[in-house]
Amino acid sequence: MSDRLVIQSVTKFFGSAQNPVRAVDDLSLNVRENEFFTLLGPSGCGKTTLLRLIAGLESCDTGKILLDGVDIAGLPANKRPVNTVFQSYALFPHMTVADNIGFGMSMQGKDAKDIEKATADALALMRMENFGARYPSELSGGQQQRVALARALVNRPKILLLDESLSALDYKLRKDMQIELKRLQRETEITFIFVTHDQEEALSMSDRIAVMERGRIGQLGTPQEIYHRPVSRYVADFIGICNFVAAPSLGLSESGHIGFRPEDATLLIREGQQPDVAGPIVHGKLDALSYHGAVTYYQVTLDSGETVTVADHEKLPVGVDARVRVALLPDMLIRCAS
Amino acid sequence: MKANPKNMPGFGLVTWLGLAFLYLPIFAVIAFSFNSGRLVTVWEGFSFEWYPRALGNHDLQRATMNSLIVAVGATFIGTVIALAAALALHGGGVPKPVKTASYTMMALPLLVPEIVIAVTTMAFFAAINLRLGLINVLIAHIVFCIPFAYAPIRARIATIPKSMSEAAKDLYADEWQAFRHVTLPLLTPGIFSGALLAFITSLDDFIITLMVAPPGASTLPVEIYSKVKRGITPEINAAASMLLAFSIFIVLLSYIINRKKVI
Amino acid sequence: MRLSSGTKLLLPFLAVMTVFFMAPLCIALGYSFMAPDPMGGVKPAFSLSGYQQFLYSADLDGNLQWDTRYLEIIFGSTKLAVMATLACLLIGFPMAWFMATRPAHQRDAWMILITIPFWTNLLIRTYAWILILRSNGLVNRGLLETGIIDAPLELLYNPYAVGMGLVYSYLPFMILPIYSSLERMDWRLVEAAQDLYATRLRILWHVVLPASVPGIVGGTILVFIPTIGSFLAANLLGGGRNMMLGNLIENQFGMARNWPFGAAISVLLIAFVMIGLMLIARRGQGLKGVVG
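Residues numbered from 1 in each chain as written. Chains lettered and ligands numbered in written order. Predicted model: local features only at pLDDT ≥ 70, side-chain atom pairs only at ≥ 80, totals over all residues. Heavy atoms only, no water.

Our focus in this paragraph is the interface of chain C and chain B. On the chain B side, the residues contacting the 89 residues of chain C number 93 residues. Sorting the residues of chain C by area buried against chain B places F13, W119 and R200 of chain C first, and these three jointly supply 9% of that buried surface. Summed over the shared surface of chain C and chain B, the number is zero salt bridges. Linking chain C to chain B there are seven residue pairs in polar contact (both at pLDDT 80 or more). Broken down by class, the residue content of the side of chain C that touches chain B amounts to 65 nonpolar, 15 polar and nine charged. (Contact = heavy atoms within 4.5 Å. Buried area = accessible area lost by both parts, 1.4 Å probe. Salt bridge = Lys/Arg side-chain N within 4 Å of Asp/Glu carboxyl O. Polar contact = N/O pair within 3.5 Å; in protein donor to acceptor, adjacent residues only side chain to side chain. Nonpolar A, V, L, I, M, F, W, Y, C, P; charged D, E, K, R; others polar.)

Here it is as C-alpha cells:
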C-alpha cells in the first residue's frame, strides 16, 4: 500500500511570541491509502491541532503536508480534497439535512442533478432516506452524527478527518457507531484519520494508531504492537492498565522496570499450585478485588511493597488479606524506556 | 415556615406603581386622541375624527415622509456599517488599541447627552459648510444608529460557534461563500433586530434633528414639538398615538425575532 | 502597512465615527476657546470668554463682573439631577429586585414592559405630562371633581414638575442595570443567609446590596449624565424657568448666540461622561443592560 498522506517535520506554535507553545512539535508520520488511522492521546497532546493542520483550518509554521505526493500545506481549507466530521458536528442549523449534505458539492459548482443524486445516495448509505427534508434540530444526536458523516463523505474526499466524533454519544450508541464507521470505511475505501482520547475505541477500530504525547508521536503502530509492545511507559500507561515493578522484585537479574498487563498474570491462591506456563512468580498479599462480570480484578501488594493488578476470568475463592502468588507470562513482559 | 426572603414587603407595590407611572402618559395621549372635543383634556365623547385629520395634515405628511426617508436611509447604512464593525471586532486581526478606540466610539453616542451631539454636529456642519438639507439629518442619524444596530448583531455573533464557518470552508466554500451561505443567514435575526432598533431610534429622535435640520427638513417629532409649543390639539395626540403604536410594534417585533436561538 | 481583512471591515465605522462624531466633539472643544460672534458662530481668535462666563459677565465696556447667574443654573441643575438620580434609585431598586425574583418566563415579560417606554418617543411621553398635570389636566380635574380641592393646583412649570419628568424619562436606565446584576446574583446566598437567621434587612444590606453594586453604579451614571444634560423635561414641564445644562447649551447655540459658552458647557458635560465611562470600566459593568 502506498502513502496517501505524508507529514514531514510539521511544527505549529500557539500562544504569544514571547511565550510560544509547541502544539505540534517537529512531527512526521505517514498514513496509507484506505487505512483507518487513529491519533490517540489525552487532551492537549496536539492531536486535534494536527487534524486541523491536515484540514487546513490551521496553517503550520514549518514542515510539509504531502497529499498523494503534492504539498498542500499552503492551501486554504476549501482547496484541500479532505473533509472533516467536527466534534460538535457543526451541521448548518438553517439548512435541511439534504442541503447540508449537498453543501460541499454546491460550493464546488457541481450540477444540481448530480448533487441531488449524490445526496440521495449518501442518505441511503447512512440509512436515512426519509430525513432529507428535516432540519438538524429535529434529529437525535446519533442521526446528526450520521448526517455529518454523509455531508463529508458525499464529496468523496481523499481523506476523511474525524475529530472526537463519537465523544458526544452515549455508550451504547457509541458502540454502534464504531461498527458503522468501520463498515463505511470498508465500503467507501476512503482513508479515515480518527482523533480520539478513548484507547478502547482506538484499539477496536484502527488499522494503525499514533499515540501522541506533547505534540510528538510517542509510538506509531498496529493496535497489537501498541498494546503488547509499548515503547514507553507513557504509551503503556495510556493504553489500558499496565503494572510496572522493579526487575529485581521479579527475581530478574536486570535493572529498570518490567511491565505486564493484568491479564498476562495469573493469581495463584493455593500452596504449591503451578502456573500453566513457567515464568517469574512473586509473593504478595491480596488487598482488594473488584468483580466486573466477565473479569475480576485483584489488587495485590507484593512483598517488595509494590502494588499490581491481576485479572482473572473467574471469581476465585479467596478473601482480602490472603497470602497469594502472582505468576507472570514470560513472553508478555514489557521492557520499555521509562 | 419562614417567609421567603426574596419577597420584600412593598417591593411589589412599588413595582406596579412604577409601571403605572411609566405607562400613564402613553395611555393619556392615546385616550385623548379619541376625544371628540377640541378642548384636549375635557372628555366630550369618543371620536375617530382626529386620525383622518392628522393623516390629512400636509405639514405632518411632509414631516412623516422626511422621518421615513431618514429612518430607512440611516437604518440601512448604519446597520451595514455596524454589521461590518461587529464582524471585524469579533474576529481576530484588529490591533488592540484600534479595538479599544472602537468600543469607546461605540459607547460614546449612547453616553454623551443628546443635546451635546446635537449642537456639536450642527456646529460641525456649519464649519464645513455642509448644506444638503435632509442629507445633513441623515448623516447625523447614521452616527447614533450604528451603536443601536451593533448591540444585537454583536450578541448574535457571539452565539454562533466558530465551527460553522470552519465547516463551510472545509466543504469548499471560500471566505465570501462561507459568509454568504452560513454566517449571514445565522446572523439574520440579530441584523433584523438591530435594524429595527436603529429604525425606531431614528424615527423617535427629536433633539438632534431639531438642531441639525435645516428649514423644510424637519421630521415628525420636530413637527409635533413645534405644534405642541403652540398648544396641544387632539390632532397632535392622534399623530403622536400613531407614532407610539408604531414604535411599540417595532420593539415587540425586534424581541420576537431575536428570541429565536441559533442552535 | 497592510491591513488585515478584519481591520478593513472596521474602516467604514472608523471613518464615519471619526468624521461625524469625534470631529464635531473636537470642534466644540476648539470653539470653547474662541470668542463669540454676535451673528452666531465664533470669531477665530483665542479667548477664554467661554469659560469665564461660568463666573463672570462682561458689561458693555468689556469689564468683567462677578456674576453667579450661570453658576446658579449649573448648581440648580446639578441639584435637580442628583435628586432625580436618587429618586430613580429609590424606585428602581425595588422594581429591579421584584423583577429579578419573578420566575424566568415572567422576567422576560417584565423586561419587555420596562424597555418599551425606553424605545418610544420621549417627546410625546413628556408632553403627555402636560395633559396630566396642567390646571385643567387629569389630576386637577380628578381632585376637583372628588371635592378634595376647590381650586386647581399649580402642578406644572416648577422644579418638581421638571424633577418628576426627569425621573420619568430615565427610570428604565436605572432599573435595567440593577436588574441585570440582581438576575446574575446567586439567590441561594439569600436562602443560606436566612438559614443562618439573618433578618430581611440584614439580607438586603449584607447580601443583595453588595451584589447589586455594579448595577447601581452603572445605573447611577446612566441616569445622572443624561439627566443633567437633559433638554425636554425642563423645556416642556419647566416653562423655561428651571433650566438643566441641556437647555442652557441649546440656548447658547440658539437665542443667545454664544457658541463658545455653549461649547464650554458641552465640554463640561463630556467631562462628566468621561468620568462616568472610567467608573463603568472599573466596575466592569457594560452598557449591555441598557442597549441589548
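The next point concerns the environment of L268 of chain C. Residue and element names in this part refer to chain C. The topology assignment puts L268 in helix α12 (residues 259-283). A relative accessible area of 30% places L268 in the partly exposed class. Separated by 23 residues in sequence, L268 and L245 place their C-alpha atoms 9.6 Å apart. Those residues in contact with L268, other than ones at most four positions away along the chain, are F54 and L245. (Helix = DSSP H or I, 4+ residues; strand = E, 2+ residues; numbered from the N terminus. Buried < 20%, exposed > 50% of the residue type's maximum accessible area, 1.4 Å probe, protein only.)

With that settled, the discussion passes to the packing of helix α1 (residues 11-32) of chain B against helix α11 (residues 234-259) of chain B. Residue and element names in this part refer to chain B. It is the contact of α1 with α11, at a shortest axis distance of 8 Å, that shows an interaxial angle of 125 degrees. When the interaxial angle is binned, α1 and α11 end up oblique. By crossing handedness, the relation of α1 to α11 is classed as left-handed. Contacts between α1 and α11 involve I26, V29, I30 and F32 from the former and P234, N237, A240, S241 and L244 from the latter. Class assignment for the residues of the contact of α1 with α11 results in seven nonpolar, two polar and no charged. (Axes fitted to C-alpha atoms, helices over the stretch in contact; angles between N-to-C directions. Parallel < 35°, antiparallel > 145°, perpendicular 65-115°, else oblique. Left-handed = near helix turned anticlockwise from the far one by under 90°.)

Contacts between protein chains span two pairs of chains, and they are most numerous for chains B and C. Over all C-alpha pairs, chain A and chain C never come within contact, reaching a minimum spacing of 16 Å.

Bringing the domain arrangement of chain A into the picture now. How big an interface is tends to be stated in terms of the accessible area lost upon association of its parts. Residues and elements named next belong to chain A. You can read the domains of chain A as domain 1 (3-238) and domain 2 (243-332). A separation of 40 Å is found between the C-alpha centroids of domain 1 and domain 2. The interface is formed by eight residues belonging to domain 1 together with seven residues belonging to domain 2. At the boundary of domain 1 with domain 2, total buried surface from both sides reaches about 610 Å², with 43% on carbon and sulfur atoms. Between the two partners, domain 1 and domain 2, sit zero salt bridges. Where domain 1 touches domain 2, the interface holds four residue pairs in polar contact (both at pLDDT 80 or more). (Domains from an automatic or database assignment.)

Before going further, it helps to examine the interface of chain B and chain A. Across the contact, 19 residues belong to chain B and 24 residues belong to chain A. Around 1,800 Å² of area is buried between chain B and chain A when both sides are counted, 64% of it from carbon and sulfur atoms. For the chain B face of the interface with chain A, the top three residues by lost area are D170, L171 and Y172 of chain B, together amounting to 44%. Across the contact surface, chain B and chain A share one salt bridge. In this structure, E166 of chain B engages R52 of chain A in a salt bridge whose closest nitrogen and oxygen atoms are separated by 2.6 Å. Going through the elements one at a time, α7 (162-170) and α8 (175-204) of chain B are the ones with two or more residues in the side of chain B that touches chain A. Looking at which element gives the most residues to the side of chain B that touches chain A, the answer is α7 of chain B, with eight residues. Here the side of chain B that touches chain A is composed, by residue class, of eleven nonpolar, three polar and five charged.

Before going further, it helps to examine the pairing of strand β4 (residues 62-67) of chain A. Residue and element names in this part refer to chain A. For strand β1 (residues 3-15) and β4, the ladder comprises five bridges, and the chain directions are antiparallel. Each bridged residue has a counterpart across the sheet, and for V6 the counterpart in β4 is L66. Here β4 hands over to strand β5 (residues 70-71) after two residues, with D68 in that stretch at a positive phi of 50 degrees. (Pairing = 2+ DSSP bridges.)

Our next topic: the nonpolar core. Ranked by internal contacts, the top residues of the largest apolar core, which has 216 residues, are I193 of chain A together with F13 and Y127 of chain C. Among the elements that take part in this core, helix α7 (residues 159-184) of chain C stands out by supplying 14 residues, more than any other. With sequence-adjacent residues up to four places away left out, F13 of chain C is seen in contact with I81, A85, S102, M105, M106 and I146 of chain B. Counting 33 residues, the second-largest nonpolar core is a separate cluster that includes F131, L153, L160 and L181 of chain A. (Core = buried A, V, L, I, M, F, W, Y, C linked by side-chain atoms within 4.5 Å.)

With that out of the way, let us pick up the sheet that holds strand β2 (residues 20-32) of chain A. Residues and elements named next belong to chain A. An order of β2-β1-β4-β5 is seen for the four strands of this open sheet, with the pairing classed as antiparallel. Each of the sheet's edge strands pairs with one partner strand only, and the pair in question is β2 and β5. Where β4 lies against β5, two bridges are found, and the strand directions are antiparallel. Across the sheet, L67 pairs through a bridge with V70, a residue of β5. On top of the sheet, helix α1 (residues 47-55) reaches β1, β2 and β4; it is set at about 115 degrees to β1, its chief contact.

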